[in-house]
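Coordinates in review
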Amino acid sequence: MRCRGRHWPDGGARARCKGWSSRAARMRPEGRSGFFRAKGKTVAERTRGSGRWPTRSGMEHLECCARLLRGTLVRAAVRRYLPWALAASMLAGSLLKELSPLPESYLSNKRNVLNVYFVKLAWAWTFCLLLPFIALTNYHLTGKAGLVLRRLSTLLVGTAIWYVCTALFSNIEHYTGSCYQSPALEGVRKEHQSKQQCHGEGGFWHGFDISGHSFLLTFCALMIVEEMAVLHEVKTDRSHCLHTAITSLVVALGFLTFIWVCMFLCTAVYFHNLSQKVFGTLFGLLSWYGTYGFWYLKAFSPGLPPQSSSLNLKQDSYKE
C-alpha cells in the first residue's frame with residue numbers, strides 16, 4: 001500500500017493511505033470521551049435527539065430527587081418512629097374530626113384522583129414497584145437467584161395478608177350490619193340480609209366498618225420503608241443502566257410512600273369513626289410487626305433485606 005505524508009503548520013505529519021474511505025477516516029475516537037463521530041455528529045448527540053437515552057439534565061434531576069428521598073426514608077430513625085407517628089396522627093386526626101371537624105375539601109371527596117386511582121389500588125401499586133426493586137437490589141448485592149426468589153416471596157406474604165384482612169373486614173361489616181331506609185338509620189329493612197342486596201334496593205347498610213384505608217396504607221408505607229433499607233448497601237456505577245433503573249424505582253417508591261402517608265392523614269380527619277380507624281391501623285401495624293419484626297427474623301422465612309452482616313452471602317456464592 002502506497003502512502004504519502006502531509007505536513008501541518010504545527011510541524012506534525014499525517015499519513016493518508018490509499019484504500020481508506022472518507023467514512024472510515026471520520027470514524028475516529030474524539031478525545032477521551034469514548035464516543036465516535038459519524039456524519040458530523042457523535043453517537044451521543046444522535047441518540048439524545050431520538051429519545052433513546054435520558055438527557056443529562058433529566059438524569060441529574062432524577063438523581064437529585066433520589067438522594068433527597070434516600071436521605072429521608074432510608075434512615076433507621078424513620079423505620080423506628082414511623083409506626084408511632086402513624087398511630088399518633090391517626091388518634092390526633094380522629095379527635096380533630098370528632099371535636100372540630102374540618103370544612104369539606106377536594107380530599108374529603110371519595111372521588112378525588114388520589115383515592116380513586118391510587119388508594120383503591122394501593123396494594124397493586126406497592127406490589128408492582130417493589131417487585132423490580134427487590135429483584136434488582138437483592139441480586140446486585142447477593143448474586144444468588146435463589147435468595148432473590150426467597151426475598152420476593154415477601155410480596156406473596158403481603159398479598160395473603162391483604163386478602164385475608166380485607167375479607168375479614170367485609171365479613172365483620174356483614175355480620176354486624178343491617179339495612180336501613182336512610183343514612184339517618186331509620187326504618188330497618190329486614191328483608192335484605194346482605195350489603196349488596198341492600199344497596200341494590202336503594203337502602204343504606206350500616207355495620208362495624210373497619211377502615212381498610214387505615215390498614216392498607218399503614219402496611220404498605222411501612223413495607224416500602226423496610227425494603228428501602230437495602231439502599232445503604234447498594235453502590236452502582238452511574239454509567240450503568242442498573243443505576244438508572246434503581247434510581248427511577250427509588251423516586252417512584254418515595255413518592256408513593258408520601259402519597260400513602262398523606263392519604264392516611266386524610267382518612268384520619270375525614271372518614272370513619274375513631275374505633276374503626278383504631279382497628280384498621282392496629283391490623284396494619286400488627287401485619288408489619290408480625291412479618292418484619294418477628295417472622296422474617298427466623299430462618300424459615302423470606303428474610304429481611306440484605307444488610308452489611310449478610311453480604312458475605314455473595315462471597316459464599318462465588319466459592320460454591
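Keep in mind that this is a model prediction, so the values were computed, not measured.

1. With respect to the UniProt feature "transmembrane region" (unreviewed entry) in the chain
Under the UniProt annotation, "transmembrane region" (unreviewed entry) lies at residues 116-136, 148-169, 246-272 and 278-297. Its end C-alpha atoms 30 Å apart, residues 116-136 is made of 81% helix and 0% strand.

2. Here we look at the packing of aromatic side chains
Counted under the stated rule, the structure contains eleven aromatic pairs. Taken together, a centroid distance of 5.6 Å and an interplanar angle of 90 degrees make the contact between Phe-169 and Phe-215 edge-to-face. Within this pair, whereas Phe-169 is found in helix 7 (residues 145-176), its partner Phe-215 is found in helix 9 (residues 212-227), the two being separated by 46 residues in sequence. Each of the two residues, Phe-169 as well as Phe-215, counts as buried. Here the aromatic cluster, defined as three or more aromatic residues joined through ring pairs, consists of Trp-123, Phe-127, Phe-169, Phe-215, Phe-219 and Phe-283.

3. A few points about the state of the cysteines
Throughout the structure, instances matching the rule amount to one disulfide. Paired through a disulfide, Cys-179 and Cys-198 show a sulfur-sulfur distance of 2.0 Å. Residues Cys-179 and Cys-198 are joined through a disulfide that is right-handed, its torsion about the S-S bond being 80 degrees. Here Cys-179 is found in strand 5 (residues 178-180), whereas its partner Cys-198 is found in helix 8 (residues 195-200), with 19 residues between them in sequence. With respect to burial, Cys-179 and Cys-198 carry one shared label: buried. Cys-262 supplies the cysteine sulfur nearest to Cys-266, a cysteine that is in no disulfide, at a spacing of 4.5 Å. With relative accessibility at 7%, the residue Cys-266 sits in the buried group.

4. Quick look at the nonpolar core
Within the largest apolar cluster, 54 residues are counted, with the highest numbers of intra-cluster contacts made by Leu-130, Phe-133, Met-228 and Trp-260. Elements represented by at least two residues in this core include exactly helix 3 (56-73), helix 4 (76-99), helix 6 (122-142), helix 7, helix 9, helix 10 (241-270) and helix 11 (274-292). For this core, the element with the most residues is helix 10, which contributes twelve residues.

Reading guide: rules and limits
Residues numbered from 1 in each chain as written. Predicted model: local features only at pLDDT ≥ 70, side-chain atom pairs only at ≥ 80, totals over all residues. Heavy atoms only, no water. UniProt positions renumbered as here; feature names shortened; annotations may be inferred. Helix = DSSP H or I, 4+ residues; strand = E, 2+ residues; numbered from the N terminus. Phe/Tyr/Trp six-rings, centres within 6.5 Å; stacked < 30°, edge-to-face > 60°. Buried < 20%, exposed > 50% of the residue type's maximum accessible area, 1.4 Å probe, protein only. Disulfide = S-S within 2.5 Å. Core = buried A, V, L, I, M, F, W, Y, C linked by side-chain atoms within 4.5 Å.

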